[in-house]
Each structure stands twice: as C-alpha cells, then as structure tokens.
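# Working through the structure, step by step
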Amino acid sequence: MSNVSANSEYVSYLDHHGKYKGIMSWIMATDHKRIALLYMYSIMTFFIIGVVLGIMMKLEMLTPGETIMKAKMYNSVFTLHGILMIFMVVIPGLSAVFGNFFLPIHIGAKDVSFPKLNRFSWWIFVVGSIMAVLSQVLKDGPPDTGWTFYAPYSTTTSSNVIMATAAAFVLGFSSILTGLNFIVTIHQLRAPGMKFFNMPLFPWALYATAWIQLLATPVIGITLLMLIAERAFHIGFFDPALGGDPLLFQHLFWIYSHPAVYVMMLPAMGVITEIIPTFCQRQIYGYKAVAVSSLAIAGVGFLVWGHHMYTSGMSDTARWFFSLLTFIVAVPSAIKVFNWITTMYKGSIDVKPPFLYALAFIFLFIIGGTTGLLLGSVATNVQVHDTAFVVAHFHYIIFGGMGFAFFAAIHYWLPKMYGRMYDFKMANIGLVINFIGFNLLYFPQFVIGIQGMPRRYFDYPAKFQPAQLVSSIGGFILVTGLIIMIYTLVKGARKGAPAPANPWRGSTLEWQIPSPPSVENFDEEPVIKENPYDYK
Amino acid sequence: MANNTTHTIEYQSLSKTLLILLFLTFVTITIASVHLGAFTLAVALLIACVKSFIVLSNFMHLKYESLLLRILVGMVFVLFALIVAITFIDYAFR
C-alpha cells in the first residue's frame, strides 16, 4: 500500500468546469479524466453504429441469396463495419478510455505528461472519424475493399478509397500521440518510490501498447499514403500492371496491423490483471512474469505479421519462419492466462459483475487463442484461410477478448469514474445474455468455416443455412444483452447509489482516492512503499 | 522520477553535426547512381540509420539521457533491422 492523502477541498472532476462552460468545458478540457470520457462517448457511438451494421449483415445471412441487400452493398457494409470497429473502436478503445483515465492515477500522477497534446489527440480522432463517415456518403460511393484495403483492388476500385484511407491515416496520428504521451508519462511522472517493478500491471500493459502505437502506426500511415499516391498519380508500388508488387502492400499493412491486434489486446489483458487480484483479494501470481510478458508480446508480436499471408504467394522459407514466430508469441499470452487462473487458486473470491466479465474474457480468449494456433500453423491455415473460421477466431479474440475486457473494465471502474454504483442483478443478466448471444453468434462460424464457407460472401449454399440461422439468432440475443448492459450502466452512472471510495476493496491507487476523483487526483503526491497488490 | 536536467550544445558542435548530415545526404544521392546490385537498398538503409542515429544523439540530446532510454531507442533500431530482414526472407527465397 502507499501513503495517499485525500483532497481536503474536494471538487469532483465532473463538477470542475475550469474557464469554459457547457459543452466547451468538455471539448477544451485538458484533464485526462474528461478526455477519457470524451473518448468513451465517441467510441460508444461508433460501436453502436458498428453493431447496427453487424446486425444488417446477420439479417442478410439469414437466408441464401439476396435477403435485404445486394452483394455490392454487403461489401460496403462489412467494409464500414470493419473500419469503424477496428480503427475507431477497438484500437483506441481501452487505452484511450481507461488508459487515459487510470494511467496517471495508477502511477500517482496528476495528469499525463502532455495534457494539451492529449486533448489534441482526441480532436484528431474526431476529425479522422468524420472523414471515415464522409467516405461512406461522398459521391463515389462507400469503399468496398474490406478494412484491409488490399491492393491491387483498392488501387483500381471506383469507390471512395482515398477518403477512407486518409481517415485511417489521420486516426493513426491520434494513436501515435497517445502512445507517445503514455510512454513519457510512465517514464517521467511515476510517484516517488514507484519503480517499474512496483507499478500496477495495467500501466505495464499500457506501456507495452504505447510502444506498439508509436512504432507500428507510422508504417500503416506510409502504406496508406503509398496507396493514395498509386491511385492519384499511378506510381507503381502495388499494382503489377504498374510494375508494383501486391505482396508489398500486404507486408506493410500487416507489419502494422498484426501488432495493432496487440494494441487492442494488451490493455485488455491489463484490465483483467487488475480485476482478478481485487476480486480474489490475492497478490497476482507471478507479478514479474505478467509484466515482462506484456513486453514480450509487444516485441515478438512485431515479427509475426506474415501469418496473415500464408496463401498470398510468400516464399516457403518465410512461411515456416512466420509460423515458428507465431507459436512463440503464444507463450507469453499463455503465461498470462496461467497466472490469472493461478491467482484465483485459494483466493477469497467475490463474485461481482466485473469478475464475471473477466471470467468470460478468459473463457472466450482461450477459444480465440487456441484457434489462433490452428491459423498459425501453415498446414492447417491453408485449409481455412479466408473462411468463416477466420471470422470466428478474429471475433473471439477481438470481441470476446477486447470487447468483454472493455465491459469488464467499465463494470469495474464505473463507480470510480462517476461516483455511482449500478444494479448488480441487471448487470449479471446482461452478462449472461451477452455471453450466450456471443457464442451462438460466432461459434457456428468455426464449424461452417471448416466446412468451406468463405468469409465476406453475401451468398452461400443451402447446407450452411442452419448454422447461419443460429448465428443470426445469436446476433439478436447479443444485441439484447448489449442494450440491457448499456441501459444498466447509463442508469447507474446517472442515478445509481453513491459509490464509496473503494467498493471492491482494491489495493491500487485509484481506490485510495474519492469517487469520483478530484481534478488533480491527489492532494499530495503519494509515496509508494510496497507492491500494488498487497492483500496481506 | 523526472529527469529535468537541461543541456546546452555549442553552435559549433551543432554545425559540425549538420555538416556530417549534409555529407551523408550527398553520399546517399551519389551512391544511387552507382550500381551495387542487391546491396543498393542495404547501403541506403545503412546510411539512413547512421543519419537517424546522429540526429537522435546530438539534436535530440539522446547522448545525455539515461542508459535505459538509450537502450530503448537502440531496441527500436534492432526492431527495424529485424522487420526489414524478415521481410527479405520472403523476397530472397521466393
């Protein structure tokens, strides 16, 4: 534990408007907590749009042939679903919302190192998001390339690829600046006594994530600029007709986009690593192993991009090399899962919604992770490449992993963020419906994927209809669960009972200050004396 | 935790650094017209890395920073080299 002084003249950050009033007090805010909420409201808006697009796809897949839309429209819908969910929801999701809110508090700081840059990052995020939405409505029509913008198709299609890629380019700057801010904050603003190895594990995960954001995102930026240059000026980077190489696009795209999976997943793992010790009232098992495994995932995760390209025409040498590296990156992920489960052993477990969401995360992440090994192996990958199996694996990792970790995080930290509690019973009902709906939605995709159902097809043979029907029903159940969950959380945040400072008996610094926190978090700089998970 | 020490570099030293960078830029342009076969890209990347190192070290004051920061930046160069090398495992063995 640490010496923490509560603010004697306490004013919640929600009530402190600074020199601006009304909506301007939010748009012009430099307080990391207000910026976190700005990100959360933006991201939740895009998430809801993404879910609506997902349900449109599930409606289309209810029956073979055209159900509610034509093939071209279906291509545009899954492209927009992908762009929204990847670039505007899951990549910024956990680090921009909960990282912004809790990183400074976890390390005993008043704010991030560059508060104005932090605000600027959100502004850029909004501009990029508006550009992404505009790409759907401008006269050339919505892009139909999928979120991967694969060349050479993306260099020749008449749809609005330039606007969509420019949007992703701009959104990338937001990510880079956030990563830079977090790295400097962790290096410079840790409270006295807080060495790297007695920092909580969520900041550790954010630190590893920030390096990926900083180093990998410029690669996609350059790649998208090259794509725009090829479309606008016919410079032959990727199109073989112009002397380019389409595999170069795939290499460059995945050099960013595979590490980007860890931008999504590492903070998710960090959230789970915070929740489990709190609800088990136990020191995390293998603190250093969990901390270092975040760095290992970030490091090795940079080198495995080729497993997305086994069937693209890469050399055999490259294929086995990438396969080997892919299996290596599974090791630090497995270390985390082992340590979470071992932490629960003989713990004093308090079964509350955040903990249940964490359990759901572990269950879904294990399915997503082990099916990832199937895709990491060249021999099996070539059988299921570009099938619904990949869709299922991807969603088990991204939605089952990052999505459920986001839900776990909001259930865990909402009392601190808003100073109010929510209805546990309703939260648990939402969780159960979400869990059932999620598995019904995505598990059948594993089965029909192995049977040969391609992904991104709006039509399919009649033999796949029962599984598609189950999947669509799962989608509707999941949406029901999401509505219940969002209603419960919004109601709790607005009208819930006042939350105590430490409702879960947590040991990290955010639980030692009032709920919601004051503007400067701490009245005096805390002095750290012991490890962050001291439950003796 | 903060390391707020400031460093002032002499204009003479900055000018020398600038001259070295300009010389390396000249080398990059010159060497582009020399036929080096498979090594063309490697040489260009090597010169670019040396220039980056000089900028980081002198203009961005990395040489005055802690060992940890210098190691972290060094790791970035290692990562870049690995990514380029692994990419060429595909192109070289295709």
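Preceding block: the structure.
Overview of the structure.

Reading the values: the criteria
- Residues numbered from 1 in each chain as written.
- Chains lettered and ligands numbered in written order.
- Predicted model: local features only at pLDDT ≥ 70, side-chain atom pairs only at ≥ 80, totals over all residues.
- Heavy atoms only, no water.
- Helix = DSSP H or I, 4+ residues; strand = E, 2+ residues; numbered from the N terminus.
- Rg over C-alpha atoms; globule rule 2.2 N^0.38 Å.
- Buried < 20%, exposed > 50% of the residue type's maximum accessible area, 1.4 Å probe, protein only.
- Contact = heavy atoms within 4.5 Å.
- Areas by Shrake-Rupley, 256 points an atom, 1.4 Å probe, with all protein chains shown as cover.
- Buried area = accessible area lost by both parts, 1.4 Å probe.
- Salt bridge = Lys/Arg side-chain N within 4 Å of Asp/Glu carboxyl O.
- Polar contact = N/O pair within 3.5 Å; in protein donor to acceptor, adjacent residues only side chain to side chain.
- Phe/Tyr/Trp six-rings, centres within 6.5 Å; stacked < 30°, edge-to-face > 60°.
- Lys NZ or Arg CZ within 6 Å of the ring centre and 35° of its normal.

It is worth spelling out the overall build of chain B at this point. On a plain count of helices and strands, chain B comes out with 3 helices and 0 strands. For chain B, the α and β elements follow one another from N to C terminus as α-α-α. For 94 residues, the compact-globule estimate of 2.2 N^0.38 gives 12 Å, and the C-alpha radius of gyration of chain B, at 17 Å, exceeds that figure by more than 25%. Projected onto its principal axes, the C-alpha coordinates of chain B cover approximately 50 × 30 × 10 Å. With 94 residues in all, chain B has 19% of them scored as buried. Sequence separation of at least 24 residues holds for 66% of the intrachain contacts in chain B that already meet a minimum separation of 6. When the accessible area of chain B is evaluated, it comes to approximately 6600 Å², of which 74% is carbon and sulfur surface.

This paragraph deals with the interface of chain A and chain B. In this assembly, 27 residues from chain A lie in contact with 18 residues from chain B. The contact between chain A and chain B buries some 1900 Å² in all, and 73% of this surface belongs to carbon and sulfur atoms. Linking A:Asp245 and B:Arg94 is a salt bridge whose minimum nitrogen-to-oxygen distance equals 3.3 Å. Linking chain A with chain B are 6 residue pairs in polar contact (both at pLDDT 80 or more), by the criterion used here.

On to the packing of aromatic side chains. Aromatic rings considered in pairs are described by the distance between their centres and by the relative angle of their planes. With the rule as written, the count across this model stands at 54 aromatic pairs over all chains. Centroid distance B:Phe88 to B:Tyr91: 6.1 Å. Interplanar angle 50°. Geometry classified as tilted. One end of the pair is B:Phe88 and the other is B:Tyr91, both in helix 3 (residues 67–93) and 3 residues apart, which spans about a single turn. Classification of B:Tyr91 by relative accessible area gives partly exposed; the value is 27%. The ring of A:Phe197 carries the charged tip of A:Lys288 above its face, separated from the ring centre by 5.2 Å. It is B:Arg94 that lies over the ring of B:Tyr91; its NZ or CZ is 4.4 Å from the centre.

Let us now look at the side chain of A:Thr148. Positionally, A:Thr148 belongs in the loop between helix 4 (115–137) and helix 5 (153–156). Excluding residues within four positions of it along the chain, A:Thr148 makes contact with A:Phe249, A:Phe253, A:Trp254 and A:Arg456.

On to the environment of A:Ser312. Residues and elements named next belong to chain A. Along the chain, Ser312 turns up in the loop between helix 9 (287–301) and helix 10 (316–344). You can call Ser312 partly exposed: its relative accessible area is 24%. Note: C-alpha distance between Ser312 and Pro246 (66 residues apart in sequence) is 9.3 Å. Setting aside residues up to four positions removed in sequence, Ser312 forms contacts with Leu247 and Gln250. A polar side-chain atom of Ser312 sits 2.7 Å from a polar atom in the side chain of Gln250.

Now for the pattern of salt bridges. All names here are of chain A. In total, this model carries 9 salt bridges over all chains according to the counting rule given. Where Lys110 meets Glu520, a salt bridge forms, and the shortest distance between an N and an O atom there is 3.7 Å. Placement of the pair is Lys110 in the loop between helix 3 (71–106) and helix 4 and Glu520 in the loop between helix 15 (465–495) and strand 2 (524–528), with a sequence separation of 410 residues. Judged by relative accessible area, which is 48%, Lys110 ranks as partly exposed. On the basis of relative accessibility, which here comes to 43%, the residue Glu520 falls in the partly exposed class.

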